[in-house]
Amino acid sequence: MSGGGPAVRVSIESTCEKQVQEVSLDGMETYVPPLSMSQNLAKLAQRIDFGQGSESDEEGIEAEPKDPQDWGKTEAEEDEATVKFQPSLWPWDSVRNNLRSSLTEMCVLYDVLSVVKEKKYMALDPVSQDPSAGKTPQVFQLISKKKSLATAAQLLLKGAEKLSKSVAENQENRRQRDFNSELLRLRSQWKLRKVGDKILGDLSYRSAGSLFPHPGTFEVIKNTDIDLDKKLPEDYCPLNVQIPSDLEGSAYIKVSIQKQAPDIGDLGTVNLFRRQLKAKAGTQPWHVKLEAAQNVLLCKEIFAQLSREAVQIKSQIPHIVVKNQIISQPFPGLQLSISLCHSTGEKKNHRASPEKPKPDDHLYVLEHNLHQLMREFHKQTLSSIVMPHPASAPFGHKRQRMAGPMAYDKAEISSMQQNEGLLEKIIKQAKHIFLRSRTARTIDSLASRIEDPQIQAHWSNINDVYESSVKVLITSQGYEQICKSIQLQLNIGVEQIRVVHRDGRVISLSHQEQELQDFLLSQMSQHQIHAVQQLAKVMGWHVLSFSNHVGLGSVESIGNASAITVASSNGEYAISVRNGPESGCKVLVQFPRSQSKELPKSDVIQDAKWNHLRGPYKEVHWSRMEGRNFVYKMELLMASLTPCL
């Protein structure tokens, strides 16, 4: 409003989209349904005047330009025609008219084409040309052909150059992509860092706790030696590594245990890292090269640690370090040699080590243990680093800081701080391997030399690096169920052998082979006496006396002799057996007095009851007895002397 009064808001409702057709008595409104698509199309087609545009165009082409004064009259007439225009009652009337006009035009076009094609109504003659104008000299024809060929050749050369450039770019891009993918694979397996324009890697074990001062760095370079024009080989790798010169080639640690005595000889040689692993299918050459270089670095670190400890350790027999070899003497007459062999060429490697390692399963344990010891040393070095933290007392064990009687003394504290080095552990393992191999050889020699009784050895599969166990059973063939008295458990340590009997007795033996051999011989001798005792119980004989250590008779140089005396069930016969490790077996039989013809008749003993007493002993020719072993012969002897019921 123009006045100064307040403005009034007016709300305007939108018109209903659908028209109301009917309102019922109850107020319900019925709307006109919307038109379908066909009805809507027909409605729109009624509003189109197809002839208006065409007539105006024809009039514009045929009519002459009018004066500007007539423009007003024309527009007025057009307005009146628009007002007077009324659509026909049939909606498709205009479409029919347009189709009829199109049919007329097509008929006219058909008539024109028939006139031109059939040449009955019209003839088309070519225009005559001057014959002299079409003739050209041959020189000009050759020049024109040469120019056209040169142009075509230039186009072909340009296309070939573009194609070669695109191929080279594709190969370069592919090689660049391959280099990046190989670099990604290398980074997933090895530590890499970028220093300036170079990519450097790390081969050392510093991240695992190694203190070896060698840097162990290698450089990653791009392989550009291949010719792009030639076909790429199958083993082509776009990436190459450059390692230090002192880590090239192959290296291994040679550990040998030798004794100059002819009965022992060379136990064998353990060659660490000597066996060249075959590259798996799909393994890249840089991976094999880096593994070999890291192997060389680990060998050098192990030998450097062993050399340092060999110089620092004070022992009764000092260790000798000469160039790339460490010599130690764990036992008298036994030599332990540890050598570092590094070869940069395959031919030199074969010439330097023509001998073949002896296959021995026990010596391969030393190789595994050497790896384990180095890993444990790295782990111990890595875990011994204590991060700074607030404390009111020195670092260390809690009991070291406790006052009063619970505190550690100087000896206990020093024992806690002492740690065995790598060389000491290897020497201990070498001692154990030597003692175990000699024990096995002693048992095998006795088992092959002595057939009766039989000796069996059952080695345990689960052993320690410093201790092994073997169970020794002494049995007789065919009598294993009744002869189970001798069962020995040998615990082989570093410098001694502990023997545990079945009854719990423990005997300690030194590393000397003769002690173990004498002990086993004495046990085999006692087994025969125990077998007679068990057989007497089965046969119904009575044991009169039994002793493992007989004090009478000749003195044995190895152990003591054992003896047993058994009597038949009716007491008429008695058998006395004496068995020694060196003297062997001796069997005596005592017969009744009535059967002894050698005894003279006595005037003092007149009563017949004294005839039931046993007479003197008679020795049995044991070698002439029939039977496969001692217990079988004894069974036949007891059976022959047992009275029939």
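In the block above lies the structure referred to throughout.
Reading guide: rules and limits
- Residues numbered from 1 in each chain as written.
- Predicted model: local features only at pLDDT ≥ 70, side-chain atom pairs only at ≥ 80, totals over all residues.
- Heavy atoms only, no water.
- Core = buried A, V, L, I, M, F, W, Y, C linked by side-chain atoms within 4.5 Å.
- Buried < 20%, exposed > 50% of the residue type's maximum accessible area, 1.4 Å probe, protein only.
- Helix = DSSP H or I, 4+ residues; strand = E, 2+ residues; numbered from the N terminus.
- Contact = heavy atoms within 4.5 Å.
- Patch = residues over 30% accessible without salt bridge, like charges linked within 9 Å, V, L, I, M, F, W, Y side chains within 5 Å.
- Areas by Shrake-Rupley, 256 points an atom, 1.4 Å probe, with all protein chains shown as cover.
- Salt bridge = Lys/Arg side-chain N within 4 Å of Asp/Glu carboxyl O.
- Pairing = 2+ DSSP bridges.
- Axes fitted to C-alpha atoms, helices over the stretch in contact; angles between N-to-C directions.
- Left-handed = near helix turned anticlockwise from the far one by under 90°.
- Nonpolar A, V, L, I, M, F, W, Y, C, P; charged D, E, K, R; others polar.
- 1 Å grid on protein atoms, 1.4 Å probe; cavity = no way out; pocket = protein on both sides within 12 Å on 5 of 7 lines; lining within 4 Å.
- Points joined across faces, edges and corners; volume = space filled by probe spheres on them.
- Phe/Tyr/Trp six-rings, centres within 6.5 Å; stacked < 30°, edge-to-face > 60°.
- Lys NZ or Arg CZ within 6 Å of the ring centre and 35° of its normal.

Asks: Would you mind going over the nonpolar core in detail, with residue names and values included?
Replies: Residues L186, L203, L239, L290 and I338 are the most contacted members of the largest nonpolar core, which totals 46 residues. Those elements that provide at least two residues to this core are helix 6 (138–189), strand 5 (217–222), strand 6 (239–242), strand 7 (250–259), helix 7 (285–312), strand 11 (334–343), helix 9 (361–383) and helix 12 (422–449). Looking at which element gives the most residues to this core, the answer is helix 7, with eleven residues. Apart from the residues within four sequence positions on either side, L203 is in contact with W190, G216, F218, I243, L247, L290, A293, Q294 and L297. Membership of the second largest hydrophobic core comes to 23 residues, among which are Y573, M634, L637 and M638.

Asks: Tell me what's going on with a nonpolar patch on the surface, and back it up with residues and numbers.
Replies: A grouping of V20, V23 and Y31 is seen on the molecular surface, where their side chains present a nonpolar patch of about 260 Å² in accessible area. Among the structural elements, V20 can be located in strand 1 (residues 20–23).

Asks: Any details on the environment of M539? Residues and values, ideally.
Replies: Tracing the backbone through its elements, the reader meets M539 in helix 13 (residues 513–539). Separated by 99 residues in sequence, M539 and M638 place their C-alpha atoms 7.6 Å apart. Ignoring anything within four residues of it in the chain, the contact list for M539 reads E635, M638 and A639.

Asks: Lay out the sheet that holds strand 18 (residues 562–567) with the relevant residues and their values.
Replies: Read across the open sheet, the five strands follow the order 17-18-19-20-21; overall the sheet is antiparallel. With partners counted over all chains shown, the strands left at the sheet margins are strand 17 (542–547) and strand 21 (614–619), one partner each. Ignoring strand direction, the axes of neighbouring strands in this sheet form an average angle of 15°. Note that strand 18 and strand 19 (residues 574–580) share six bridges and pair antiparallel. Within strand 19, the residue paired with S562 across the bridge is N579.

Asks: I'd love a proper account of the packing of helix 13 against helix 14 (residues 630–641), names of residues and values included.
Replies: Relative placement of two packed helices is described by the angle separating their axes and the distance separating the axes. Where helix 13 meets helix 14, the axes come as close as 10 Å, and the angle between the chain directions of the two elements is 35°. Crossing handedness for the pair helix 13 and helix 14: right-handed. Only F630, V631, M634, E635, M638 and A639 of helix 14 make contact with helix 13, whose side of the interface consists of Q528, A531, V532, L535, A536 and M539. Residues that form the contact of helix 13 with helix 14 fall into these classes: ten nonpolar, one polar and one charged.

Asks: Account for the pattern of salt bridges, naming residues and giving values.
Replies: Applying the stated criterion to the full structure yields six salt bridges. For D93, the salt bridge is made with R96, and the minimal N-O distance between the two is 2.8 Å. Here the residue D93 and the residue R96 both occupy positions in helix 4 (residues 93–118), the gap between them amounting to three residues, near one helical turn. Take R96: its relative accessible area is 41%, and that puts it in the partly exposed class. For E161, the salt bridge is made with K165, and the minimal N-O distance between the two is 3.6 Å. Of this pair, E161 and K165 both sit in helix 6, four residues apart, which is roughly one turn of that helix. Judged by its relative accessible area of 49%, K165 falls in the partly exposed class.

Asks: Could you give me a rundown of the sheet that holds strand 6, with the residues and numbers involved?
Replies: Two modes of strand pairing occur in sheets, parallel and antiparallel, and in both the strands are linked by backbone hydrogen bonds. Strand order across the open sheet formed by four strands is 3-4-5-6, with antiparallel pairing between neighbours. At either margin of the open sheet sits one strand with a lone partner, and together these are strand 3 (191–195) and strand 6. Averaged over neighbouring strand pairs, the angle between their axes works out to 35° when direction is ignored. Along the sheet, helix 7 contacts strand 5 and strand 6; its crossing angle with strand 6, the most-contacted strand, is approximately 15°.

Asks: Go over empty space enclosed by the protein, please, and point to the residues and values.
Replies: Under the counting rule described, the total for this entry stands at five cavities of 30 Å³ or more. Here the second largest cavity defines a volume of roughly 40 Å³. Along the walls of the second largest cavity sit L435, R438, T439, T442, I497, S510, H511, Q512, E513 and L516, which together make up its complete lining. The leading source of residues in the lining of the second largest cavity is helix 12, at four residues. Grouping the constituent residues of the lining of the second largest cavity by class yields three nonpolar, five polar and two charged.

Asks: I'd like to hear about the packing of aromatic side chains, residue by residue, with values.
Replies: Tallied over the entire structure, the rule returns four aromatic pairs. Note on F331 and F434: the rings are 5.9 Å apart at their centroids and 45° apart in plane angle, and the pair reads as tilted. Remark: F434 occurs in helix 12 and F331 occurs in the loop between strand 10 (325–328) and strand 11; sequence separation between them is 103 residues. Each member of the pair, F331 as well as F434, is classed as buried. Relative to F591, the ring of Y573 lies with its centre 5.8 Å away and its plane at 85°, an arrangement referred to as edge-to-face. With Y573 in the loop between strand 18 and strand 19 and F591 in strand 20 (residues 584–592), this pair connects stretches of sequence that are 18 residues apart. Y573 sits in the buried class, given a relative accessible area of 12%. One residue, K428, lies across the ring of Y466, its end atom 6.0 Å from the ring centre. Lying over the aromatic face of F331, K431 brings its terminal NZ or CZ to 5.6 Å of the ring centre.

Function-wise, these values are silent; they only describe arrangement.
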